Amino acid sequence: GNEESGEVVNRRVSGVPAGGRMLIPTARQVDDYIRTMPKGVSKTSQEMGADLAKSAGADVTCPMCTGIFVRISSEAAHEEMTAGKESVTPFWRIIPPKATVRKKLTFGEAIVDEMRKAEGLAV
């Protein structure tokens, strides 16, 4: 099989020139990345996308897929928290104060701020 990651774009997309490589991440890749973020560290989806692209040998990671998977991962982790699970994907580390995904979360923004404050992150 093809060992290279990413799709070759045939036109300029998300800042990638034609012929560049765009990683289309999986939900698992996004969730795994968030799970490896250490306590007290916050990143943006854009920073995560850059890291994922670099590790996959791509020029960029699809920002739309990344945003969708951050939301799915966050909402799944929140459901687990509500059910009493203690160890969940630390979604609050990938959702900084100005992240657009905040307004789309089914559970609202207050829990994000509460969890960020508990780790000493900006709210």
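Higher on the page you've got the structure.
Just so we're clear, the structure is a prediction, and the values are computed from it rather than from any experiment.

## Looking at the packing of helix α1 (residues 27–35) against helix α3 (residues 63–82)
For the pair α1 and α3, the least separation of the axes is 9 Å and the interaxial angle reads 65 degrees. Between α1 and α3 lies a crossing of right-handed hand. In contact with Ala 27, Val 30, Asp 31 and Ile 34 of α1, α3 contributes Phe 69, Val 70 and Ser 73. Tallied by class, residues from the contact of α1 with α3 come to five nonpolar, one polar and one charged.

## Let's talk about the packing of aromatic side chains
Applying the stated criterion to the full structure yields two aromatic pairs. Residues Phe 91 and Trp 92 carry aromatic rings whose centres are separated by 5.1 Å and whose planes lie at 75 degrees to one another, so their mutual orientation is edge-to-face. By the burial criterion, Phe 91 is buried, and Trp 92 matches it. Through pairs of rings, three or more aromatic residues link up here, namely Phe 91, Trp 92 and Phe 107.

## Thoughts on helix α4 (residues 110–118)
For α4, every residue scored as buried is listed here: Ile 111, Val 112, Met 115 and Arg 116. The buried side chains of α4 occupy one side of the element, clustering within an arc of 135 degrees when seen end-on. Facing away from the buried side of α4 by more than 90 degrees, the exposed set consists of Ala 110, Glu 114, Lys 117 and Ala 118. Gly 120 sits one or two residues past α4 and shows a positive phi near 75 degrees.

Cut-off values and rules
- Residues numbered from 1 in each chain as written.
- Predicted model: local features only at pLDDT ≥ 70, side-chain atom pairs only at ≥ 80, totals over all residues.
- Heavy atoms only, no water.
- Axes fitted to C-alpha atoms, helices over the stretch in contact; angles between N-to-C directions.
- Helix = DSSP H or I, 4+ residues; strand = E, 2+ residues; numbered from the N terminus.
- Left-handed = near helix turned anticlockwise from the far one by under 90°.
- Contact = heavy atoms within 4.5 Å.
- Nonpolar A, V, L, I, M, F, W, Y, C, P; charged D, E, K, R; others polar.
- Phe/Tyr/Trp six-rings, centres within 6.5 Å; stacked < 30°, edge-to-face > 60°.
- Buried < 20%, exposed > 50% of the residue type's maximum accessible area, 1.4 Å probe, protein only.
- Arc of directions from axis to C-beta.

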